[in-house]
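# An overview of the molecular structure
Chain by chain, the residues run as shown.
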Amino acid sequence: MKYDIILCGVGGQGVLSVAAAIATAAGIEDLHVRQSEVHGMAQRGGAVLSHLRISDSEIYSDLVPQGSADMVLSMEPLESLRYISFLKPEGVLISAQEPFINISNYPELSSIHDQISKIDNSVLVNTEKIAKAAQNPRAANMAIVGAAGKYLPVKMESLHKAVSILFKNKGEDIVKKNLSAIDLGGAI
Amino acid sequence: METYALLGDEAIALGAVDAGISAAYGYPGTPSTEIMEYLQHINKETGKPLARWSANEKTAYEEALGTSFYGKRVLVTMKHVGLNVAADAFMNSALLDIRGGLVLAIADDPGMHSSQNEQDSRYYADFAHIPCFEPFNQQEAYDVMSEAFELSEKLHVPVMIRLVTRLSHSRAAIKTSPRKPENPGIKAPDVKQWMLLPALARKQWHQLLGKDVQMKQFSETSSWNSLELNSKSVGVITSGLGKNYFLENSSEYTENYSHLHIGCYPLPTDRINKLASHCETLIVVEEGEPLIEKQLRGILPQSTNIKGKLSGDIPREGELTPDTIRSVFGLSPKEQITFDSSELPGRPPQLCKGCPHDDTYKFIKEVVSELSESAVMSDIGCYALGALPPLQVPETIVCMGASITMAKGAAEAGMDNVMAVLGDSTFFHSGLTGLVDCVADNASVTILVLDNSTVGMTGGQETILPSDRIKQIALGIGVHPDHIHVIDAHKKDHEQNVQLLKDELAYKGVSLIIPVRECIEYFRKKKRTEKKEN
Ligand code: SF4
């Protein structure tokens, strides 16, 4: 088993937390994990891209080859399209539907949504609604983790455990709200 | 033995601690920053090792030399271009009689994710005549440390570890070994071998050339350089991450390639010869400059067919990826979803919303728009992002500290209204000496030190000294008190700041304007840690 994920979004949206949650869950299941992150300049509101690879055997490259990703998982619709060349023809694209507009030439949102729906396996997630229901406006990224859950090669239970570990320092309340965002994301 | 999921940088840090270092010095720079951050994290928990940021890479390197002089193991870390700053200390250190192991972890940035060039630090190791290791995954990054320290103490030379962004910033699980104790403090036994006076340096140089032979022997027999002879038609030489990408595609190869992986330098020439005499064609897959390939080719004609970056079979610029090496192995590109993403608008990095630099650039921009001739020389840091739309204020960005000195040169060439824009940390790093030059010659420059109290670009490390001392420093150096102004980097003061800058540009001498406001990221980070600690 080998599962490659391209994670993307805009610097500051919590892409690294999405990666950390899934990577930790895979670690809990004793799978091999490689996760390439973006630090430095691009984190300042630029397009960010992280490669996450999960496998039951040794992983060589930190980078996912083009046309090989099983999933593109994005915090932002425009960004999900930017990295589509990584996706396998039968792969799935999951993106938050809310745009992050910090550039003056952001395209018409409906055209972006249209282009996403034209892709065979694509899911747009209303993360704002889920975050609201989970009573944590900062949980949009965990809603995305939840939405990815049923495709990932890790159990929901492991994702729960991972989130409990990662947010432990922030207190029980935040853990609970993030878990609920994952469940709500998983229910769509 | 324990398992951790660590960044390559963190694996280097933990490896150094387990190799028994007593101290580490460095200057922040992507992608090397997390090495020191992790050491500081370990220090917080266990009180060891000493892990300090320095004013710049040169001071860091020299501090490390001092530790080594006292017989203790020390790590020094910086990004590739930082080694240019430390080069004086670095080059000379190769001639010393190193006793306490001295290892430098240098992180290159092929693809320039967060850098101004793609220079390959392996050249520096070759230039200085020191060994260099190139780990290809996180486990090797951890393991290499204890081997590098041993080699440093055995051959009495500094040893370089060359990292690249994709290793520094990618995470995998590693297994650790028991921690070695620190070396006791023992002064270097022969101080003559630490005094590079010409007569003594000649002896040291002779000795270093002798060590070249030992280094070569090490490299030739080391398990870091592994040779596997299979196919007679094609042999592959990989180094660093090139190995990962070569193996990544291996299920698609129709041939069982002969393979030499190079993980340490100087080059294992015997093994290379063995491979070359076994195979008709060599493919060289290396990250960065075609250093190996160039040495294989030399100048004179040769019988072996060599494919790599110089032959144009692998792209000369940017990072290696599993995709960029497919064609040299005869593999066609993988099938992709048809979608042209080149039409999408780009999303370059930008100053954070509410960044103090934004307000500073706005008043500079207004003043500049009214001048017939002006120049804004900028520097390396978050404020360099002001060069992109919509601000587009900086006009030069070259290297740490160059803003002030380039401004001086331009002003002395007769240019009017020359400004230098740099941050507080860059000022301490290498702006200070430029200011001395300006004052010495009473250059007609207006220097703006944007004081946000932090090293912003690399994630908010503390500036080496409280930045409110810059004013006192300038006074002490001799900038006229009437021409030093500490102002608020805030839009409410915009009109006032515009007027001030105009006045200072009209003054024929050194002016220093310090717009002050805390970096908002740093402010948030501080709040978070305060909350954690309460
Ligand atoms: S990190 Fe700080 S200095 Fe850098 S852009 Fe953001 S607010 Fe400005």
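Residues numbered from 1 in each chain as written. Chains lettered and ligands numbered in written order. Predicted model: local features only at pLDDT ≥ 70, side-chain atom pairs only at ≥ 80, totals over all residues. Heavy atoms only, no water.

## A short note on the domain arrangement of chain B
Just so we agree on the cut-off: Domain start and stop positions are those given by an automatic or database domain assignment.
What the domain assignment reports for chain B is domain 1 (3-221), domain 2 (225-329) and domain 3 (356-523). Placing the centre of domain 2 of chain B and that of domain 3 of chain B at their C-alpha centroids yields a distance of 47 Å.

## Here's the deal with the side chain of T127 of chain A
Rules: Put simply, DSSP marks the helices as runs of H or I at least four residues long and the strands as runs of E at least two long, and each gets a number from the N terminus on. Contacts are assigned to residue pairs with any non-hydrogen atoms lying within 4.5 Å of each other.
Residue position: T127 of chain A is located in helix α4 (residues 127-133). Here T127 of chain A is in contact with A96, E98, A140, A143 and I144 of chain A, once residues within four sequence places are set aside.

## Some points on helix α15 (residues 424-440) of chain B
Residue and element names in this part refer to chain B. How we decide: Bend is computed residue by residue as the angle between axes fitted to the seven residues ending at the residue and the seven residues starting at it. Using a 1.4 Å probe on the protein chains alone, a residue whose accessible area is under 20% of its type maximum counts as buried, one over 50% counts as exposed, and one in between counts as partly exposed.
Maximal helix bending in α15 amounts to about 65 degrees, located at S430. Regarding α15, the residues found buried are D424, S425, T426, F427, F428, H429, G431, G434, L435 and C438. Immediately beyond the C-terminal end of α15, within one or two residues, lies N442, with a positive phi of roughly 45 degrees.

## As for the packing of aromatic side chains
Residues and elements named next belong to chain B. The condition is simple: Centres within 6.5 Å make a pair out of two Phe, Tyr or Trp rings, where for Trp the six-membered ring is used; the pair is then stacked when the planes are under 30 degrees apart, edge-to-face when over 60, and tilted otherwise.
Within the structure shown, the criterion is met by 12 aromatic pairs over all chains. Ring plane angle 85 degrees and centroid distance 6.0 Å describe the contact between Y61 and F90, whose orientation is recorded as edge-to-face. With Y61 in helix α3 (residues 57-69) and F90 in helix α5 (residues 87-93), the pair connects residues that are 29 residues apart, well separated along the chain. Plain terms: the ring middles of F133 and W224 are 5.3 Å apart, the flat faces sit at 75 degrees to each other, and that makes the pair edge-to-face. One end of the pair, F133, is in strand β6 (residues 132-133); the other, W224, is in the loop between α9 (198-221) and β9 (225-228), with 91 residues separating them in the sequence.

## A look at the site of the ligand
Quick reminder of the rule: When at least one non-hydrogen atom of a residue lies within 4 Å of a molecule or strand, that residue is treated as near it. In the scheme used here, Gly and all other residues not listed as nonpolar or charged are polar, with Ala, Val, Leu, Ile, Met, Phe, Trp, Tyr, Cys and Pro taken as nonpolar and Asp, Glu, Lys and Arg as charged.
Taken together, R44 of chain A together with L351, C352, C355, H357, C382, N452, C519, I520 and E521 of chain B form the complete shell of residues around the ligand. Surrounding the ligand are residues belonging to chains A and B, so the site spans chains. Taken together, the residues of the shell around the ligand sort by class into six nonpolar, two polar and two charged.

## Concerning the sheet that holds strand β20 (residues 484-488) of chain B
All names here are of chain B. Put simply, the rule reads: In this analysis, strands are considered paired if DSSP registers two or more bridges between them. Only the stretch in contact is used when fitting a helix axis, every axis being a line fitted to C-alpha atoms; angles between N-to-C directions are given from 0 to 180 degrees.
As summarised here, the arrangement of the five strands in space is β15-β16-β17-β21-β20, forming an open sheet in which the pairing is parallel. Edge positions in the open sheet fall to β15 (375-377) and β20, since each of these has one partner strand only. Between one strand axis and the next, the sheet turns by 20 degrees as a mean value, whatever way the strands run. Sheet strands in contact with helix α14 (residues 402-412) are β15, β16 (418-423) and β17 (446-450), and its direction is about 175 degrees off that of β16. Strand contacts of helix α17 (residues 494-506): β16, β17, β20 and β21 (511-516), with the helix running at about 160 degrees to β20, the strand carrying the most contacts.

## Focus: unusual backbone geometry
The phi torsion of most residues other than glycine is negative, and most of the peptide bonds are trans. Across the junction of Y265 of chain B and P266 of chain B, the peptide omega takes the value 15 degrees, indicating a cis bond. Tracing the backbone shows P266 of chain B in the loop between β12 (264-265) and α11 (269-278). Residues P389 of chain B and P390 of chain B are joined by a peptide bond in cis, for which omega reads 5 degrees. With respect to the secondary-structure elements, P390 of chain B resides in the loop between β15 and α14. The phi dihedral of Q135 of chain A is positive, around 60 degrees, even though this residue is not glycine. Along the chain, Q135 of chain A turns up in the loop between α4 and α5 (140-149). A positive phi angle, near 45 degrees, is found at N442 of chain B, a position not held by glycine. Position of N442 of chain B among the secondary structure elements: in the loop between α15 and β17.

## A word on the pairing of strand β6 (residues 122-125) of chain A
Relative to β6 of chain A, strand β5 (residues 87-96) of chain A runs parallel, the two sharing four bridges. Within β6 of chain A, the position partnered with L93 of chain A by the bridge is S122 of chain A.

## What to know about the interface of chain A and chain B
Put simply, the rule reads: A 1.4 Å probe defines the accessible area here, and the buried area is the portion of it lost by two parts on being joined, summed over both. We define a salt bridge as a side-chain nitrogen of Lys or Arg found within 4 Å of a carboxyl oxygen belonging to Asp or Glu. Distance and chemistry together define a polar contact, namely a pair of N or O atoms within 3.5 Å, with one atom able to donate a hydrogen and the other to accept it when in protein, and with adjacent residues in sequence counting only for side-chain atoms on both sides.
On the chain B side, the residues contacting the 44 residues of chain A number 44 residues. A buried area of about 3800 Å², summed over both sides, lies between chain A and chain B, and 56% of it is on carbon and sulfur atoms. If you sort the residues of chain A by the area they bury against chain B, M41, R44 and Y60 of chain A come out on top, with a joint share of 21%. Applying the counting rule to chain A against chain B returns four salt bridges. A salt bridge links E248 of chain B to R53 of chain A; its shortest N-O distance comes to 2.8 Å. On the surface where chain A and chain B come into contact, there are 19 residue pairs in polar contact (both at pLDDT 80 or more). Only β2 (32-36), β3 (47-55), α2 (77-82) and β5 of chain A provide two or more residues apiece to the side of chain A that touches chain B.

## Observations regarding the packing of helix α7 (residues 138-155) of chain B against α9 of chain B
Residues and elements named next belong to chain B. Definition in use: Less than a right angle of anticlockwise turn of the near helix away from the far helix marks a crossing as left-handed, whereas a clockwise turn marks it as right-handed.
As a packed pair, α7 and α9 sit with axes 11 Å apart at the nearest point and diverge in direction by 150 degrees. In the crossing of α7 with α9, the sense of the turn from one axis to the other is right-handed. Contacts from E147, L151 and L155 of α7 reach α9 at K211, Q214, M215 and F218. Class assignment for the residues of the contact of α7 with α9 results in four nonpolar, one polar and two charged.

## Some words on the sheet that holds strand β11 (residues 258-262) of chain B
All names here are of chain B. Taken in spatial order, the five strands line up as β9-β11-β10-β13-β14 in an open sheet, and their pairing is mixed. At either end of the open sheet lies a strand with only one pairing partner, and these are β9 and β14 (305-307). Averaged over all adjacent pairs, the angle separating strand axes in this sheet is 15 degrees, with direction ignored. Pairing analysis gives three bridges linking strand β13 (residues 281-285) to β14, with the strands arranged parallel. The residue of β14 that forms the bridge with T281 is N305. Lying over the sheet, α11 contacts β9, β10 (234-239), β11 and β13, oriented at roughly 160 degrees with respect to β11.

## Some details on the pattern of salt bridges
All names here are of chain B. As enumerated under the stated definition, the model contains 37 salt bridges over all chains in all. Here D97 makes a salt bridge to R99, at a shortest N to O gap of 3.0 Å. Ionic pairing is found between R122 and D120, a salt bridge with its closest N-O pair at 2.7 Å. Connected via shared salt-bridge partners are D108, D120, R122, E134, R162 and E286.

## Comments concerning the side chain of E37 of chain A
Counting through the fold element by element, E37 of chain A comes out in the loop between β2 and β3. Accessibility expressed as a relative area gives 7% for E37 of chain A, which makes it buried. Looking at E37 of chain A, its side chain comes within polar contact range of the side chain of R171 of chain B, at 2.8 Å. Among all residues touching E37 of chain A, those that are not within four sequence positions of it are L16 and S50 of chain A together with L7, H169, S170 and R171 of chain B.

## With respect to the confidence of the model for chain B
For clarity, the threshold we go by: pLDDT measures the predictor's confidence residue by residue and takes values from 0 up to 100.
Confidence along chain B averages 95 in pLDDT terms, with 99% of residues attaining 70 or more. For this predicted complex, the interface score ipTM comes out at 0.93, while the overall pTM is 0.95.

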